[in-house]
Amino acid sequence: MADPAHVVLVGMMGTGKTSIGRPVAAHLGRRFVDSDEQVERRTGRTVKEIFESEGEAAYRRLESDALAAALAEPEPAVIAAAGGVVIDPANRDRLRRAGTVIWLDAPPEVLAERVVDGDHRPLLGDDPLATLARLAAEREGWYREVADAVVDVGSRTADEAVEAVLAVLRGAEVRST
Ligand code: S3P
């Protein structure tokens, strides 16, 4: 395998990739990397500012660069990948070689209740439910394509979802040292 065995969480906005990924990383004694935080750190701008000044296509390139950089780190990490990384076929290739990819899944109705837009999610707009439903329909096949396992986060609390991810990883024999 070219890349080290990272644990990568993928899925729609609001599925809890960051809030679940952080405790999973702590539990495994690994570094936690949020790909959008990396984009914001590298550019000094929020995701919303990048969308507004340069447009979505420019943001998607930065998103892909951040994913590639996170996956290229030699130390196995837990990586929360921005929701849209699966759009680009090159990213899907990278993800398939990344280690263990876990798709956090929940129905758009649940996500619309949980999601917070802020400066990070300019796509949500005035009708988050409609947007989430449309994006989920577009992406479902891609998440499925890259995922080694699916964890249903719609019917779980955050703590239960962390446990479920750790259970998947125990099955995948991801080492904690
Ligand atoms: C996006 C998800 C967001 C952020 C941007 C676009 C998407 O990240 O990258 O607003 O297209 O699904 P999260 O998945 O971390 O919310």
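See the structure above.
Now for a quick tour of the structure.

Conventions and cut-offs
Residues numbered from 1 in each chain as written. Predicted model: local features only at pLDDT ≥ 70, side-chain atom pairs only at ≥ 80, totals over all residues. Heavy atoms only, no water. Helix = DSSP H or I, 4+ residues; strand = E, 2+ residues; numbered from the N terminus. Rg over C-alpha atoms; globule rule 2.2 N^0.38 Å. Buried < 20%, exposed > 50% of the residue type's maximum accessible area, 1.4 Å probe, protein only. Areas by Shrake-Rupley, 256 points an atom, 1.4 Å probe, with all protein chains shown as cover. Near = heavy atom within 4 Å. Polar contact = N/O pair within 3.5 Å; in protein donor to acceptor, adjacent residues only side chain to side chain. Nonpolar A, V, L, I, M, F, W, Y, C, P; charged D, E, K, R; others polar. Phe/Tyr/Trp six-rings, centres within 6.5 Å; stacked < 30°, edge-to-face > 60°. Pairing = 2+ DSSP bridges. Patch = residues over 30% accessible without salt bridge, like charges linked within 9 Å, V, L, I, M, F, W, Y side chains within 5 Å. Salt bridge = Lys/Arg side-chain N within 4 Å of Asp/Glu carboxyl O. Lys, Arg positive; Asp, Glu negative; His and termini not counted. Charge placed at Lys NZ, Arg CZ, Asp CG, Glu CD.

Check the secondary structure of the chain and you find 8 helices and 5 strands. Reading the secondary structure of the chain in the N-to-C direction produces β-α-β-α-α-α-β-α-β-α-α-β-α. Against the globule reference of 16 Å for 177 residues, the chain gives a C-alpha radius of gyration of 15 Å, in line with a compact fold. For the chain, the spread of C-alpha atoms along the principal axes amounts to about 45 × 35 × 25 Å. Counting across all 177 residues of the chain, residues that qualify as buried make up 46%. Looking at the chain as shown, the accessible area adds up to about 8,600 Å², and 48% of this sits on carbon and sulfur atoms.

In the vicinity of the ligand, 15 residues are found, and the nearest of them are Asp36, Tyr59, His120, Arg121 and Arg139. Contacts to the ligand include Lys17, whose side-chain N or O atom sits 2.7 Å from an oxygen atom. Taking Tyr59, its side chain carries an N or O atom lying 2.6 Å from an oxygen atom of the ligand. When the ligand sits alone it has 380 Å² of accessible area, and the protein chains cover 98% of it. Ranked by the residues each element gives to the shell around the ligand, the list is headed by helix α4 (residues 56–72), at 3 residues. Across the shell around the ligand, the residue classes tally to 6 nonpolar, 3 polar and 6 charged.

Okay, the packing of aromatic side chains next. The description of an aromatic ring pair rests on the distance of the ring centres and on the angle between the ring planes. Counted by the stated rule, this structure contains 2 aromatic pairs. For the pair Phe51 and Tyr59, a centre-to-centre distance of 5.0 Å together with 35° between the ring planes defines the contact as tilted. The pair formed by Phe51 and Tyr59 is uniform in burial state, with each residue classed as buried. Their ring planes at 25° and their centres at 5.8 Å tell us that Trp103 and Tyr143 sit as a pair that is stacked. Here Trp103 is found in strand β4 (residues 99–105), whereas its partner Tyr143 is found in helix α7 (residues 128–146), with 40 residues between them in sequence. By the burial criterion, Trp103 is buried, and Tyr143 matches it.

Taking burial as the measure, the 6 residues of strand β1 (residues 6–11) include 6 buried ones, the bulk of the element. Side chains His6, Val8 and Val10 project from β1 onto one buried face, and the interleaved Val7, Leu9 and Gly11 project onto a second face that is buried too. Sheet analysis places β1 next to β4, joined by 6 bridges and oriented parallel. Counted as the bridge partner of His6 is Gly99 from β4. Sheet topology note: the β1/strand β3 (residues 78–80) ladder contains 3 bridges and is parallel. Residue pairing across strands places Val8 opposite Ile79, the latter belonging to β3.

Together, Glu49, Glu52, Asp117 and Asp119 make up a negatively charged patch on the protein surface. Counting through the fold element by element, Asp117 comes out in the loop between α6 (108–114) and α7. Accessibility expressed as a relative area gives 43% for Asp117, which makes it partly exposed.

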